[in-house]
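# Architecture and fold: a report
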Amino acid sequence: MPYIPILLLLFFLSFYYDFLGHRKGYNLGYYSIFLLLVAVSGFRYRIGADTFAYQDFFEKEQIYLSELSLADYFSYRWEPLFIFFVALMKSTINDFIFFQIVHAIIINSVVFWFISSNTKNKFTAVFLYFLFLYVLVNMEIAREALAVCVFLINVKFLQNKKYVTYYLLAIIAFLFHYGAAILFVFPFIYGIRITLRRIFCLFVVVAGIIINIDFIITAAFSLGVPPIIFIKLANYAEVSENLNFMGVLIAFLGYILFPCVLMQIENRILRVKSRFYDFYPIFLMLGILVIYFPFISRFFNYLCLIGIIFLSDFVIALWKSNRFALSTRYILLTWILSMIFLWNGRYYFSDMSDLTGKNMKKYVHWYPYSSILDKTKNPDRESLQDLSLIHISEPTRP
């Protein structure tokens, strides 16, 4: 089982290199971890809820570059650039394992590049990446993961206000996954000053959208917006129907209060400013929306690595700061680490008995691990195949 050993290894490397400041073997360790994470993802066998649908589509559909017309790319329920990616892989080596390996190389190359370009605390960032994002972008959201990578490349253009380049890349991300439409909004929120008036205006806008939703959908259809976008939004919106007090409280604590407390400590006590400080208004606005519309949390996939780098720099700055006693630093770091594990545990250990009819936790999608070397099929995971196909809406020609 590679997950726990990798997690412990990353924790050790984070402490040894980032907290204690050792440098010997730093680059070798960093690139070795990159290769390890690529191998775990690329050589997995039937792991991940969405993987079943992607594999089924890859193996059954006869999609090759030489046989696809331009119209064909838009004739599937999945986005055209992802169809191009699948066709490119099948035209090169018609094996889903090859698809997985190339996908893992692309995703982790961009992630490790982004981390090394934006923080000196690389191992802490990779440790948090493994906790928060690794399973999701490597073993689940294959299409959206590619869109996230495009956005990570695009971040510097948003920061430098090169909007023409930013929107061109945002369109590319959108053609990998329609959820990337949120990227078109980011420049309007990036770096703005947060005030109560603007928060109130946000609520007014949201209320206006809800009241006029029928008119908005009709207008969007007339402008040629693909119907599948609204189908997906309807599926995500079903989650909001079960909104309860505990869900609101967890969303408030995780998406608003926790980041706000860390920002205040960083600015007022540690006296440092993150290079991603101007992204905070986007985090806050989405956090407010998540309280009322839980499906909005999906858009945090695009911002998660930015939050990870902020958190990495924060905990190292806290550890090295002389503004707190050593005992206080231990308490704060333990509290932060506990919050991280509780937040992730809430997801990985969530109960699926209402869907499966048996005592089953969400982590069964990824644990226990199976590789192409042994090709072991997990009975519980296999029993979820039909559910995963329904969840991802297997693409077929209309």
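This one's a predicted model, so the numbers in the text were calculated from it and none came from an experiment.

A word on the overall build of the protein chain. The helix and strand inventory of the protein chain stands at 20 helices and zero strands. Taken over 398 residues, the protein chain has a buried fraction of 50%. Sequence-distant contacts in the protein chain: of pairs separated by 6 or more residues, those separated by 24 or more amount to 73%.

This part covers the nonpolar core. Tyr 129, Phe 151, Leu 183, Phe 279 and Leu 303 are the most contacted members of the largest nonpolar core, which has 125 residues in total. Beyond its immediate chain neighbours, meaning those up to four positions away, Phe 151 contacts Tyr 166, Leu 183, Phe 186, Phe 279, Tyr 302, Leu 303 and Ile 306.

Enumeration according to the criterion identifies three cavities of 30 Å³ or more in this entry. Of the voids in this model, the largest cavity is the one considered here, and its volume is about 70 Å³. The wall of the largest cavity is formed by Arg 44, Thr 51, Tyr 54, Phe 96, Phe 99, Gln 100, His 103, Asn 138, Met 139, Glu 140 and Ala 142. The set of elements that each furnish at least two residues to the lining of the largest cavity consists of helix H3 (49-60), helix H5 (96-118) and helix H7 (134-139). Sort the elements by how many residues they give to the lining of the largest cavity and H5 lands first, with four residues. Residues of the lining of the largest cavity, tallied by class, amount to five nonpolar, four polar and two charged.

Burial runs high along helix H6 (residues 122-132): 10 of the 11 residues are buried. For H6, every residue scored as buried is listed here: Lys 122, Phe 123, Thr 124, Ala 125, Val 126, Phe 127, Leu 128, Tyr 129, Phe 130 and Leu 131. Lining the buried residues of H6 we find helix H1 (3-19), helix H2 (26-42), H5, H7, helix H16 (304-320) and helix H17 (326-348).

Before going further, it helps to examine the pattern of salt bridges. One pass over the structure, following the stated rule, counts four salt bridges. Notably, a salt bridge pairs Glu 79 with Arg 143, separated by 2.9 Å at the nearest N-O pair. Here the residue Glu 79 occupies a position in the loop between H3 and helix H4 (80-92), and Arg 143 occupies one in helix H8 (residues 142-159), the gap between them amounting to 64 residues. Pair check on accessibility: Glu 79 and Arg 143 agree, each one buried.

This part takes up the packing of H3 against H5. Close contact between H3 and H5 brings their axes to 10 Å; oriented N to C, the two are set at 125°. The orientation of H3 relative to H5 falls into the category oblique. Note on packing geometry: the crossing formed by H3 with H5 is right-handed. Where H3 approaches H5, its residues Thr 51, Tyr 54, Gln 55, Phe 58 and Glu 59 are matched on the opposing element by Phe 96, Phe 99 and Gln 100.

What follows concerns the side chain of Glu 79. Since its relative accessible area comes to 0%, Glu 79 is described here as buried. A polar contact of 2.9 Å, which involves the side chain of Glu 79, links it to the side chain of Arg 143.

This brings us to the side chain of Asn 118. On the secondary structure map, Asn 118 appears in helix H5. Classification of Asn 118 by relative accessible area gives buried; the value is 11%. Side-chain polar atoms of Asn 118 contact the backbone oxygen of Phe 114, separated by 2.7 Å. Contacts of Asn 118, omitting those with residues within four sequence positions, involve Arg 275, Phe 276, Ile 309 and Asp 313.

By the definition in use, this model includes 44 aromatic pairs. A centroid spacing of 6.0 Å and a plane angle of 90° characterise the contact between Tyr 30 and Phe 123, whose relative ring orientation is edge-to-face. Of this pair, Tyr 30 sits in helix H2 while Phe 123 sits in helix H6, and the two are 93 residues apart along the sequence. Tyr 30 gets classed as buried once you look at its relative accessible area, which sits at 1%. A relative accessible area of 1% means that Phe 123 is categorised as buried. Look at Trp 78 and Phe 82: their rings are 5.7 Å apart centre to centre, the planes differ by 85°, and that puts the pair in the edge-to-face class. Grouping residues by exposure puts Trp 78 and Phe 82 together as buried. Members of the aromatic cluster, joined through ring pairs, are Phe 12, Tyr 16, Tyr 17, Tyr 26, Tyr 30, Tyr 31, Phe 34, Phe 112 and Phe 123. The ring centre of Tyr 26 lies 4.1 Å from the NZ or CZ of Arg 23, which sits over that ring.

Conventions adopted
- Residues numbered from 1 in each chain as written.
- Predicted model: local features only at pLDDT ≥ 70, side-chain atom pairs only at ≥ 80, totals over all residues.
- Heavy atoms only, no water.
- Helix = DSSP H or I, 4+ residues; strand = E, 2+ residues; numbered from the N terminus.
- Buried < 20%, exposed > 50% of the residue type's maximum accessible area, 1.4 Å probe, protein only.
- Contact = heavy atoms within 4.5 Å.
- Core = buried A, V, L, I, M, F, W, Y, C linked by side-chain atoms within 4.5 Å.
- 1 Å grid on protein atoms, 1.4 Å probe; cavity = no way out; pocket = protein on both sides within 12 Å on 5 of 7 lines; lining within 4 Å.
- Points joined across faces, edges and corners; volume = space filled by probe spheres on them.
- Nonpolar A, V, L, I, M, F, W, Y, C, P; charged D, E, K, R; others polar.
- Salt bridge = Lys/Arg side-chain N within 4 Å of Asp/Glu carboxyl O.
- Axes fitted to C-alpha atoms, helices over the stretch in contact; angles between N-to-C directions.
- Parallel < 35°, antiparallel > 145°, perpendicular 65-115°, else oblique.
- Left-handed = near helix turned anticlockwise from the far one by under 90°.
- Polar contact = N/O pair within 3.5 Å; in protein donor to acceptor, adjacent residues only side chain to side chain.
- Phe/Tyr/Trp six-rings, centres within 6.5 Å; stacked < 30°, edge-to-face > 60°.
- Lys NZ or Arg CZ within 6 Å of the ring centre and 35° of its normal.

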